[in-house]
Amino acid sequence: MISFLTVLIYTVLGSLTGALLSLIPSLHIYNVAGFALLIWHASQSLIPQIAVAPFFISLVVAFSFINTIPMTFVGAPDESATVTILPGTKMMMSGAGYEAAVLTGTGSLIGLFMLIAMTPFFFYLFPTIHLIVSPHMHWILMLVMIYMLMSEWPKGCGMGKTVLQRFLNAWGNIFAGLLTFGLAGLLGLIITSKSPISHEMGFQNIMPVFVGLFAIPSIIQNLLSNEKIPDQHIAESINIDARTAGISAYQGVIGGMIAAYLPAVTAGIGGIIAGHATAQRGDKLFIISGGVSKIIYYVGAFLFLFIITPLSPNGLGKGGLNIILKPVLTPEKGDFFVILSVILVSGCLSFLMLLHMSKWVLAFLKVVDYRQIYIASLILMFVIVGGLTGFMGLMVMIVGTFVGMIPVFFHSRRSNCMAVLLIPICLNMAGYGDVVMEFLGLL
Amino acid sequence: MTESEVKQNEQEEVKNDIEVLCPSCGRFVGAYEICPHCQTQVNTRVSIKLVKRIAVIGAIVGIILLYFAAKNREVPMINIGEIQINHNMALVKVSGRVIRESIQDKKDNFSLTIDDGTGKIKLGGYNKLKKWKKHFGEKFPKEGDFIEVTGNLNITEQFGASMFLSSPHRLVVKKSFNPKRVKLNDLRIEDVNSTYRVTVKIDYVKKFGMGYSIRVTDNSVSDQSAPISLTIFDTAFNRIKNENVKKAITTKGSVCEFVAILGEYKGTLQLKLKSPDNPNYFKVIEMGAGDPYVASTTYKNTYSTTYVNKSNQKATPEQIKNLSKDDVKKYVEITGIIDEVTPQEWGTRVILTQDGSSIMVWIKKFIVGKMKLNLAKGQKLKVLGNINDFKGTLQVVPISETGIQEVTE
């Protein structure tokens with residue numbers, strides 16, 4: 001009974017903390033999770049061992065739902081939404097931002113129930129699939145990278161006075177995408193082979209570069225764009241039918257599973273692949289499936305850690321939270337259903353909070369200039385990164401920011417920035433990581 | 001707010017609007033330099049152009065600087081005992097002595113456990129064994145070596161701290177292990193788990209289900225030591241690369257030099273080959289006559305369970321009359337006159353007398369087969385063996401043919 005209450009209390013606490021922190025534009029919950037882990041380590045009595053997983057997973061569940069609010073209302077996408085932001089912003093600009101947020105939340109709720117419905121698959125088929133697929137992971141990742149690069153299309157109309165101008169106008173974003181991919185990959189090789197960040201904060205090695213690549217360019221973009229939030233209609237109902245919900249779930253599950261399983265592949269990339277694979281179009285479908293895929297990507301990836309079977313004795317977990325919690329958490333057989341219950345409770349609570357918080361935030365944005373929020377958020381980023389990783393962390397973040405600004409301002413896909421992990425992981429899996437490191441003199 | 005201030009605000013708002021609205025279609029363009037709706041150049045967006053240039057130049061220059069910063073970074077050396085959870089994934093350097101090594105040829109994996117005096121850490125090379133062996137060759141790090149290694153820490157609640165080994169260039173063998181050369185006689189129970197270089201003569205070889213049970217003696221004839229067992233499992237045996245060594249070690253009479261770890265089983269000292277795949281650890285001094293795997297097929301292996309090997313001790317000279325049940329399991333040396341010799345199916349029974357007292361000497365069949373001595377009544381004999389209690393009667397059981405010597409006056 002005490003265990004049950006402890007888990008419940010920390011689930012609610014994690015959900016509330018996660019919801020509040022997720023309102024801060026561009027702040028990723030993994031940055032906070034790093035801090036929380038340090039606090040927990042310093043004072044281990046703060047969170048009982050039994051509550052570690054429920055608390056942290058609730059943080060992530062709440063983030064998956066509530067993060068929709070800054071993403072939709074003030075246009076701050078995280079790395080999972082680098083391609084899904086557009087339809088939400090469109091609805092926002094036409095006064096239907098609240099509905100867009102609720103649609104995304106509904107998608108996340110559908111994704112939550114899909115995680116429950118897929119439990120037999122996780123235990124009876126997934127480990128076998130993993131056993132077959134894992135030796136081939138390097139070339140699968142290679143294909144994903146090729147697909148990412150080749151599926152980007154020229155966005156310009158080829159206008160200009162000279163041939164070169166017309167060419168650059170039409171193809172500029174493609175070259176910007178390739179440049180981003182190359183630079184991010186190089187940055188990733190440096191960071192993963194010989195990180196300049198102090199070993200004392202080794203567990204946050206990747207954080208500054210992610211803040212730089214995704215969070216700060218969004219902030220700069222929003223500070224420069226001078227966007228005015230139009231009056232929003234608080235809808236009493238959402239325009240969604242069972243067919244749209246079903247197709248969204250189908251597309252979202254494919255995208256989410258790809259992202260939750262393949263290393264360094266985010267929900268954004270998974271969404272592109274799933275969108276092309278299912279050949280479904282439509283803004284609403286895009287938004288809802290984005291919600292589905294987001295929850296499976298963030299939450300599912302951690303839940304897979306608890307799939308303990310003879311074929312997967314150490315679970316199948318992936319993702320930032322898994323890495324952060326590894327030193328303090330060992331999954332055990334039977335934990336899966338506890339975590340699934342925690343996810344369900346936290347998810348439903350977060351959905352309800354999303355409905356109310358969306359209204360509060362819209363009201364708040366009427367009286368406060370969102371650019372001030374972004375400036376505060378920018379300062380917070382510097383404090384978090386500087387506080388955790390010091391001067392070198394800040395330098396890495398700034399370099400990451402420059403790289404992350406290229407796709408933002410040249411209008412190519414921001415998912416190209418994920419080459420920061422894709423390239424090193426792919427090279428290491430293929431067994432060429434050392435060769436490249438040696439070539440670069442980073443041994 | 002005065003009327004002029006309101007007007008000024010409105011003008012400012014209009015100016016801002018002009019900057020973010022397309023001059024052609026009037027729609028919002030945000031941070032775009034070209035209207036995404038009608039492709040019109042938004043000429044007033046000078047700051048965006050500047051930001052774009054800063055982004056590209058900053059990214060390239062930043063990465064170059066970061067590259068040099070990383071390249072010239074000295075990886076910190078840490079004590080294993082000081083590793084904490086915030087060091088997870090950190091690139092660090094540790095140094096220490098290899099206390100355990102594990103090789104999995106089939107999986108292409110290996111692991112080394114090192115101890116630096118403050119703690120121990122396991123270094124894992126997954127799918128890298130072939131690559132590392134190719135790089136290090138015979139100098140592949142082995143137990144006892146003092147190494148310095150750079151790698152990423154992996155800390156889990158279940159297994160604690162470990163380190164991923166990536167490139168062989170990141171490991172340096174600072175001091176190779178050079179095992180001490182000893183004679184079997186010098187081995188002591190206190191030295192269990194120590195590694196030595198020994199020169200031995202293969203005395204007996206028997207193949208069992210999972211490997212070889214080998215008995216070795218000191219090569220020097222002057223030494224009065226009892227044999228010591230050397231068990232080589234097939235997995236270890238197959239790691240010996242040199243076929244000549246394989247043949248020698250399984251051929252009776254061969255004289256070999258090898259590096260072994262001293263172990264003990266139920267109080268009995270035994271040897272275990274150290275790093276069988278290291279060719280520097282083996283030397284065939286003399287190849288024994290006959291074929292390898294020489295072992296009696298009819299002999300039931302009982303010696304290993306019935307005798308207590310005291311190879312680390314000199315046999316204690318005893319008078320037959322003084323022997324009692326308290327001496328059971330002692331390794332003794334007795335001298336007497338043969339009173340009776342009775343060959344039996346599994347060995348030969350000899351009654352030895354000394355000053356009116358007598359004792360039975362039980363010589364096992366495999367020893368009898370190797371003895372060059374013909375036992376006869378009246379012969380004076382010196383026997384080195386273990387005292388056993390056989391159905392309430394004391395007996396001396398020699399454990400090799402060297403334990404039975406004729407005494408000539």
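The shown structure was predicted, so the numbers you read here are calculated from the model rather than taken from an experiment.

Enquirer: So what's going on with helix α19 (residues 433–440) of chain A? Residues and values would help.
Expert: Residue pairs three or four apart in sequence face the same way in an α-helix, which turns once every 3.6 residues. All names here are of chain A. Listed as buried for α19 are G433, D434, M437 and L440. With its buried residues spanning 130° around the axis, α19 presents them on a single face. G441, located one to two residues past α19, shows a positive phi value of around 70°.

Enquirer: Explain the interface of chain B and chain A to me, and be specific about the residues and the numbers.
Expert: The partner chain A presents 61 residues to the 53 residues of chain B that form the contact. Carbon and sulfur atoms supply 66% of the area buried between chain B and chain A, which totals about 4900 Å² over both sides. Summed over the shared surface of chain B and chain A, the number is 2 salt bridges. Summed over the shared surface of chain B and chain A, the result is 19 residue pairs in polar contact (both at pLDDT 80 or more). Breaking the side of chain B that touches chain A down by element, the ones donating at least two residues are α1 (3–20), α2 (46–71), β1 (91–104) and β4 (146–156) of chain B. The element that contributes the greatest number of residues to the side of chain B that touches chain A is α2 of chain B, accounting for 16 residues. Broken down by class, the residue content of the side of chain B that touches chain A amounts to 26 nonpolar, 15 polar and 12 charged.

Enquirer: Give a detailed account of the nonpolar core, specifying residues and quantitative values.
Expert: Core analysis: the largest hydrophobic core is formed by 150 residues, its most contacted members being F56, F122, V299, L325 and L422 of chain A. Of all the elements, helix α17 (residues 370–410) of chain A adds the most residues to this core, at 15 residues. Excluding its chain neighbours within four sequence positions, the residues that come into contact with F56 of chain A are A33, A36, L37, L321 and L325 of chain A. Membership of the second largest hydrophobic core comes to 30 residues, among which are L184, I202, Y212 and Y281 of chain B.

Enquirer: How would you explain the confidence of the model for chain B if you had to name every residue and give the values?
Expert: Segments scoring low in pLDDT should not have their predicted coordinates read at a detailed level. Across chain B, the average pLDDT comes to 81, with 85% of residues at 70 or higher. Note that residues 294–312 of chain B has pLDDT below 50 and, in this model, 46 contacts with residues that lie over four places away or in other chains.

Enquirer: Break down the packing of helix α12 (residues 242–261) of chain A against helix α13 (residues 267–278) of chain A for me, citing the residues and quoting the values.
Expert: If you want to describe how two helices pack, look at the angle between their axes and the distance between the axes. All names here are of chain A. Across the interface, α12 lies against α13 with an axial gap of 7 Å and an inter-helix angle of 135°. On the basis of the axis angle, α12 is oblique to α13. In this structure, α12 meets α13 at a crossing whose hand is right-handed. Contacts between α12 and α13 involve Y250, Q251, I254, G255, I258 and A259 on the former and, on the latter, A267, G270, G271, I273, A274, G275 and T278. By residue class, the composition of the contact of α12 with α13 is 7 nonpolar, 6 polar and no charged.

Enquirer: Tell me what's going on with the pattern of salt bridges, and back it up with residues and numbers.
Expert: Pairing of side chains with opposite charge becomes possible as their charged atoms draw close. Residue and element names in this part refer to chain B. A full pass over the atoms with the stated rule returns 17 salt bridges over all chains. We note a salt bridge from K142 to D145, for which the minimum N-O separation is 3.3 Å. Accessibility assignment for this pair places K142 and D145 in one class, buried. R197 is the salt-bridge partner of E257, the closest N and O atoms lying 3.3 Å from each other. Of the two residues, E257 sits in strand β11 (residues 255–265) while R197 sits in strand β8 (residues 195–208), which places them 60 residues apart along the sequence. Each member of the pair E257 and R197 is classed as buried.

How each quantity is defined
Residues numbered from 1 in each chain as written. Chains lettered and ligands numbered in written order. Predicted model: local features only at pLDDT ≥ 70, side-chain atom pairs only at ≥ 80, totals over all residues. Heavy atoms only, no water. Buried < 20%, exposed > 50% of the residue type's maximum accessible area, 1.4 Å probe, protein only. Helix = DSSP H or I, 4+ residues; strand = E, 2+ residues; numbered from the N terminus. Arc of directions from axis to C-beta. Contact = heavy atoms within 4.5 Å. Buried area = accessible area lost by both parts, 1.4 Å probe. Salt bridge = Lys/Arg side-chain N within 4 Å of Asp/Glu carboxyl O. Polar contact = N/O pair within 3.5 Å; in protein donor to acceptor, adjacent residues only side chain to side chain. Nonpolar A, V, L, I, M, F, W, Y, C, P; charged D, E, K, R; others polar. Core = buried A, V, L, I, M, F, W, Y, C linked by side-chain atoms within 4.5 Å. pLDDT = per-residue confidence, 0-100. Axes fitted to C-alpha atoms, helices over the stretch in contact; angles between N-to-C directions. Parallel < 35°, antiparallel > 145°, perpendicular 65-115°, else oblique. Left-handed = near helix turned anticlockwise from the far one by under 90°.

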